[in-house]
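Residues per chain are reported as follows:
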Amino acid sequence: MISIEGLNKIFSLNKKKIIAVDDLTLTIKEGEIYGVIGYSGAGKSTFVRLLNRLEEPTSGKVTIDNREITSLNPKQLRLARQEIGMIFQHFNLLWSRTVEDNIAFPLEIAGISKADRSKRVQELIDLVGLSGREKAYPSQLSGGQKQRVGIARALANNPKVLLCDEATSALDPETTNSILNLLVDINQKFGLTIILITHEMHVIRKICNQVAVMEQGKIVEQGNVLDVFTHPKKSVTKKFVEQIMGSSEADEDISNLIDNYNDGKILRLHFLGETTNQALISKLAKKFDVELNILQGKIVQTQAGGYGTLFVQAKGGIEEINKAVRFIQEETSVEVEVIRDAN
Amino acid sequence: MLTELFPNIKLDNLLEATYETFYMTILALIGTCILGIILGLLLYLTAKEGIWQNKYINLIVAAFVNIFRAIPFIILILLLFPFTDFLIGTIRGPNAALPALIIGSAPFYGRLVEIALKEVDKGVVEAAKSMGAKTSTIIFKVLIPESMPALVSGLTVTAIALIGYTAMAGVIGAGGLGNYAYYFGFQRRDFDTVFFCTVIIVIIVFIFQFIGDFITNKMDKR
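Everything numeric in this text was worked out from a predicted model, so none of it was measured.

Rules of the game
- Residues numbered from 1 in each chain as written.
- Chains lettered and ligands numbered in written order.
- Predicted model: local features only at pLDDT ≥ 70, side-chain atom pairs only at ≥ 80, totals over all residues.
- Core = buried A, V, L, I, M, F, W, Y, C linked by C-beta atoms within 7 Å.
- Buried ≥ 20, exposed ≤ 12 C-beta atoms within 10 Å, placed from the backbone.
- Helix = DSSP H or I, 4+ residues; strand = E, 2+ residues; numbered from the N terminus.
- Domains from an automatic or database assignment.
- Contact = placed C-beta atoms within 7 Å.
- Pairing = 2+ DSSP bridges.
- Axes fitted to C-alpha atoms, helices over the stretch in contact; angles between N-to-C directions.
- Right-handed = clockwise from strand over helix to strand, strands pointing away.
- Parallel < 35°, antiparallel > 145°, perpendicular 65-115°, else oblique.
- Left-handed = near helix turned anticlockwise from the far one by under 90°.
- Nonpolar A, V, L, I, M, F, W, Y, C, P; charged D, E, K, R; others polar.

Brief notes about the nonpolar core
By size, the foremost hydrophobic cluster in this structure holds 145 residues, and its most contacted members are Ile195 and Leu196 of chain A together with Leu101 of chain B. Ranked by residue count, the leading element in this core is helix α6 (residues 94–118) of chain B, at 13 residues. Mapping this core onto the domain boundaries places at least three of its residues in each of domain 1 (2–245) and domain 2 (249–340) of chain A. Residues contacting leucine 196 of chain A, with those up to four places away along its chain left out, are Ile33, Tyr34, Gly35, Val36, Cys164, Val203 and Cys208 of chain A.

Thoughts on the sheet that holds strand β7 (residues 161–165) of chain A
Residue and element names in this part refer to chain A. Taken in spatial order, the six strands make up an open sheet running β6-β7-β8-β3-β9-β10, and their pairing is mixed. Edge positions in the open sheet fall to β6 (84–87) and β10 (218–224), since each of these has one partner strand only. Neighbour to neighbour, the strand axes of the sheet diverge by 15° on average, direction disregarded. Against the sheet, helix α5 (residues 143–155) makes contact with β6 and β7, and its axis sits at roughly 170° relative to β6, the strand it touches most.

Some thoughts on the pairing of strand β8 (residues 193–198) of chain A
All names here are of chain A. The element β8 is largely enclosed, with a buried count of six among its six residues. Of the two faces of β8, the one holding Thr193, Ile195 and Ile197 and the one holding Ile194, Leu196 and Thr198 are both buried throughout. As defined by bridge partners, strand β3 (residues 33–37) adjoins β8 across five bridges and the pair is classed as parallel. When the sheet's bridge partners are listed, glycine 35 is paired in β8 with leucine 196. Crossover handedness for the path β7 to helix α6 (residues 173–190) to β8: right-handed.

As for the packing of helix α3 (residues 99–109) of chain A against α5 of chain A
All names here are of chain A. As a packed pair, α3 and α5 sit with axes 7 Å apart at the nearest point and diverge in direction by 30°. In terms of axis orientation, α3 runs roughly parallel to α5. Classified by chirality, the crossing of α5 by α3 is right-handed. Touching Val99, Asn102, Ile103, Phe105 and Pro106 of α3 are Val149, Ala152 and Arg153, all from α5. Here the residues of the contact of α3 with α5 sort into six nonpolar, one polar and one charged.

Section: the interface of chain A and chain B
For an interface, size is often stated in terms of accessible area lost upon the parts coming together. Each partner contributes residues to the interface: chain A has 18 residues there, and chain B has 18 residues. If you list the elements that add at least two residues to the side of chain A that touches chain B, you get α2 (74–81) and α3 of chain A. Here the side of chain A that touches chain B is built from residues that sort into 10 nonpolar, six polar and two charged.

What about the packing of helix α9 (residues 148–174) of chain B against helix α10 (residues 176–186) of chain B?
When two helices pack together, their arrangement is given by the angle between the helix axes and the distance between those axes. Residue and element names in this part refer to chain B. Where α9 meets α10, the closest approach of the two axes is 6 Å, and the angle between their N-to-C directions is 55°. Judged by the angle between their axes, α9 and α10 are oblique. Remark: the crossing between α9 and α10 carries right-handed chirality. Contacts between α9 and α10 pair Thr166, Ala167, Met168, Ala169, Gly170, Val171 and Ala174 from the former with Gly176, Leu177, Gly178, Asn179 and Tyr182 from the latter. Within the contact of α9 with α10, the residues separate by chemical class into seven nonpolar, five polar and no charged.

Looking at the environment of arginine 222 of chain B
Checked against the element boundaries, arginine 222 of chain B lands in the segment after α11 (191–219). For the pair arginine 222 of chain B and proline 149 of chain B, spaced 73 residues apart in the sequence, the C-alpha separation amounts to 9.9 Å. When sequence neighbours within four positions are dropped, the list of residues in contact with arginine 222 of chain B reads Trp95 and Ser139 of chain A.

What follows is the structure, encoded as structure tokens:
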């Protein structure tokens, strides 16, 4: 769907060369939600602007939907851009236009007749949940509503790709979640490929299938979200994972657990994208004659299922506990580790 | 009562002079608005990082604007006499004042337009580009509508300067209230006439300011 080969962007500032994007090669499949995460200055915003040539690449090739964007002339580029939606951190709505006129703007650009425009605008307003606010001006809307207008506007010409440049960074956590849900909805309903730039790991966690971690213009790590979560290699990636999982040192500090709960076995359960056995604990309790006591842990939900660690104290007959452990090992994808055996 | 306080005022002369002032101001304002927006757009679009980034055109337009803004208006009228004669066929009367009025105030308004355009959120222009908008679409559907309140309030300021210019032009034969105050008032030592003309000009200024503020507020949805 989208392939990027050897993409470079060099800015020259006061005769000093700044490499914003450094020899980037990447493939994004159709229908994916692809997250790019990095700290500010990592080059991620420049990267997303290179895709629709809001910034001209210094060198390299971008191909979207079998069309080589980097070789288009200005007129072809304008037409191609009509099929690439984009939303922004600060929404970038026209304050002089109402909600419906803002959404109609890309349709005007595409030369769609007035009757068809108003029909399409109404569809989009319903889609993003802004019915009743058609005549409002952006200044009368909340941040979340503004971004909904931005999304409706980006979808107006039925694009195949949606570029999101820090689309939720200016929103509070609750609004962020509702906007992310909307993006997932759209992704599933229309099979739209979404490329999402963010510095917040929980955004990646919540909606992305694939993630790339950027640092100093380079992609230092990429792959499916769960793999990157579970086996972060680079220190940047580890820092991002800590954003949502807490630091791993805190998890390791279980000595007082062992001291305080001094009977039975203590198990560490690793959930790595488990979706089929979400009710693992109650299942164990029903199936085996064991008592389970949750001591500590954190599980977060990703697009590929739950991910995280639980510390559990298991009490009961040793034979039963061993059976339960074996069940977890054999029947589920949860990794289990016995921290302390029953004495 | 009017005749007692202002014994030297002739109502029909005064009405004609007022009409001429309005005539010159409004026509010159239309010309200034068009030329000023063209100059402002050129300055904005050819500037660094602009859509039509071009050092040379930017330099030429900026030089034109700066030079004509530097020339005192009364001298500009005299300088433009040959041009006016060629264009209008005479150097007397309200029509003859128009070229000088427009050329004198358009550069000023052009700068105000440039400032107004610079205030337009770059992100909105970027968004329009990302939708595949042509430059003409960006100009007429983004830049101008989004800067409208500033364009109108700038035009109000320009209109008031223009009213002052018409009075100056009046003194050297363009007609209007300036002409009336000078020839019928000052030169005949009829200071009641000078005073009355002043009052009318002040009222005209207030009217323009009021209309300008009203439109600006009406249009500003920010």
